[in-house]
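# What the coordinates show
The primary structure of each chain is shown beneath.
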Amino acid sequence: MDYETTVKNLLIAATARDDIASMDRDAPLIGHVAELDSMAIVTFLTTLEDEFGIVIDDTEVSAECFETLGALVTFVTEHVGR
């Protein structure tokens, strides 16, 4: 499964920013994508959980998870691949 594409699509849905599709893994997210606020993060995580039938505990989520696109892809890969 291509988790990077999945992450990008979920971020696009949560933020309505189509330019996310062209971001590389080093692209910064938090503080650089203005639309990626706390509500967008909750939307992203809820959609991720629904899409893959998983549960992500609040204690597992940190700002570091959303630091870059690559960090977020790694976070998703680790949780979906359990």
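One can find the structure itself at the top, above this paragraph.
Residues numbered from 1 in each chain as written. Predicted model: local features only at pLDDT ≥ 70, side-chain atom pairs only at ≥ 80, totals over all residues. Heavy atoms only, no water.

### Some words on the overall build of the protein chain
Heads up, the condition is: Going along the chain from the N terminus, every DSSP run of H or I of four or more residues is numbered as a helix, and every run of E of two or more is numbered as a strand. For this measure, only C-alpha atoms enter the radius of gyration; the expected value for a globule follows 2.2 Å times N^0.38, where N is the number of residues. Residue burial is assigned from relative accessible area. The probe radius is 1.4 Å, only protein chains are included, and a residue is buried under 20% of its type maximum, exposed over 50%, and partly exposed in between. Contact definition: two residues touch when any of their heavy atoms are within 4.5 Å.
Within the protein chain, the secondary structure is distributed over 3 helices and 0 strands. Reading the protein chain from its N end, one meets helices and strands in the order α-α-α. Here the protein chain has a C-alpha radius of gyration of 11 Å; the compact-globule value for 82 residues is 12 Å, and the two agree. Overall, the protein chain is about 30 × 25 × 20 Å in size when its C-alpha atoms are taken along their principal axes. Buried residues in the protein chain amount to 41% of all 82 residues. In the protein chain, once contacts between residues fewer than 6 apart in sequence are set aside, the share between residues at least 24 apart is 59%.

### So, the environment of Met 23
Its place among the elements puts Met 23 in the loop between α1 (3–15) and α2 (38–52). The spatial distance from the C-alpha of Met 23 to the C-alpha of Ser 38 is 21 Å, given a sequence separation of 15 residues. Not counting residues up to four positions away in its chain, the partners in contact with Met 23 are Glu 4, Lys 8, Leu 29, Val 33 and Leu 69.

### Digging into the packing of aromatic side chains
The test is simple: Think of it this way: a Phe, Tyr or Trp ring, Trp meaning its six-membered ring, pairs with another when their centres are within 6.5 Å, and the plane angle makes it stacked under 30 degrees, edge-to-face over 60, tilted otherwise.
Inspection of the entire model under this criterion finds 2 aromatic pairs. For the ring pair Phe 44 and Phe 66, a centre distance of 5.8 Å and an interplane angle of 80 degrees mean the geometry is edge-to-face. Taken together, the residues Phe 44 in helix α2 and Phe 66 in the loop between α2 and α3 (69–80) connect sequence positions 22 residues apart. Pair check on accessibility: Phe 44 and Phe 66 agree, each one buried.

### Re α3
Under the convention used in this document: A helix's residues, less one, multiplied by 1.5 Å, set its expected span.
For α3, with 12 residues, the first-to-last C-alpha span of 16 Å sits near the 16 Å given by 1.5 Å per residue. Listed as buried for α3 are Leu 69, Gly 70, Leu 72, Val 73, Phe 75, Val 76, His 79 and Val 80. Here the buried face of α3 lies against α1 and α2.

### Points about unusual backbone geometry
Its identity is not glycine, yet Ala 16 carries a phi of approximately 60 degrees, on the positive side. Looking at the secondary structure, you find Ala 16 in the loop between α1 and α2. Note on Ala 16: relative accessible area 67%, which makes it exposed.

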